[in-house]
Amino acid sequence: GDEFVVDLFFDEKFRTIIFKTVGGQSKCPHEQNTAAMEDPSLLITNRPSQHVFPNEDMVFEIEMKNLGVGEESQFVLYARHRDNEGSLRLILDGAPFGGSR
């Protein structure tokens, strides 16, 4: 779960409590001085050479990982085909990929 370390101060002028985040971790967009539990990263690990001819496959290998401090994360990979006028085929782990996983 989320954890935060905060310092509390009392504002004499406005008679309210002031919170200052000094540490912690969260799945929410992290605040200054905290560690992000989820920080998705996509890295192209292998790409085609400069010249790919029309009838050749253009294969990219992509690594997806969490750079955050969380031990478990659930990211969704999805494809938008609305601009796919060139009949691009997406294959993920050897199977056609057209929705999300």
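Scoring rules and cut-offs
- Numbering of residues starts from 1 in each chain and follows the order in which that chain's sequence is written.
- For a predicted model such as this one, the threshold for reporting local features is a pLDDT of at least 70, and the threshold for listing and counting side-chain atom pairs is 80 or more; totals across whole chains, interfaces and linings nevertheless cover every residue.
- Side-chain figures throughout are based on the complete set of non-hydrogen atoms in the structure, without hydrogens or water.
- DSSP-based pairing: two strands are paired if at least 2 bridges between them are found.
- We count a stretch as a helix when DSSP gives it H or I for four or more residues in a row; a strand needs E for two or more, and each element gets its number in order from the N terminus.
- Contact criterion: two residues are considered in contact whenever any of their non-hydrogen atoms come within 4.5 Å of each other.
- We define a salt bridge as a side-chain nitrogen of Lys or Arg found within 4 Å of a carboxyl oxygen belonging to Asp or Glu.
- Each residue is placed in one exposure class: buried if its accessible area under a 1.4 Å probe, protein chains only, is under 20% of its type's maximum, exposed if it is over 50%, and partly exposed if it falls in between.

Caption draft 1: Highlighting the sheet that holds strand 3 (residues 35-36). Spatially, 1-2-3 is the arrangement adopted by the three strands of the open sheet, whose pairing is mixed. Every other strand in the sheet has two partners, leaving strand 1 (3-11) and strand 3 as the edge strands with one partner each. For strand 1 and strand 2 (residues 16-26), the ladder comprises nine bridges, and the chain directions are antiparallel. The partner of D7 across the bridge, within strand 2, is K20.

Caption draft 2: Representation of the environment of N33 within the structure. For N33, the location among the structural elements is in the loop between strand 2 and strand 3. Sequence separation between N33 and F53 is 20 residues; the distance between their C-alpha atoms is 50 Å. Among residues more than four places away in sequence, those in contact with N33 are T21, V22, G23 and G24.

Caption draft 3: The side chain of D11, seen in detail. Tracing the backbone through its elements, the reader meets D11 in strand 1. Among residues more than four places away in sequence, those in contact with D11 are T16 and I18.

Caption draft 4: Molecular detail of the pattern of salt bridges. What the rule picks out here adds up to two salt bridges. For R15, the salt bridge is made with E12, and the minimal N-O distance between the two is 3.8 Å. Considered together, R15 and E12 belong to a single accessibility category, that of exposed residues. Among the salt bridges present, the one from E63 reaches K65, with a minimum N-O distance of 3.4 Å. Looking at E63, the relative accessible area reads 32%, which means it is partly exposed.

Distances and angles like these do not, on their own, reveal function.
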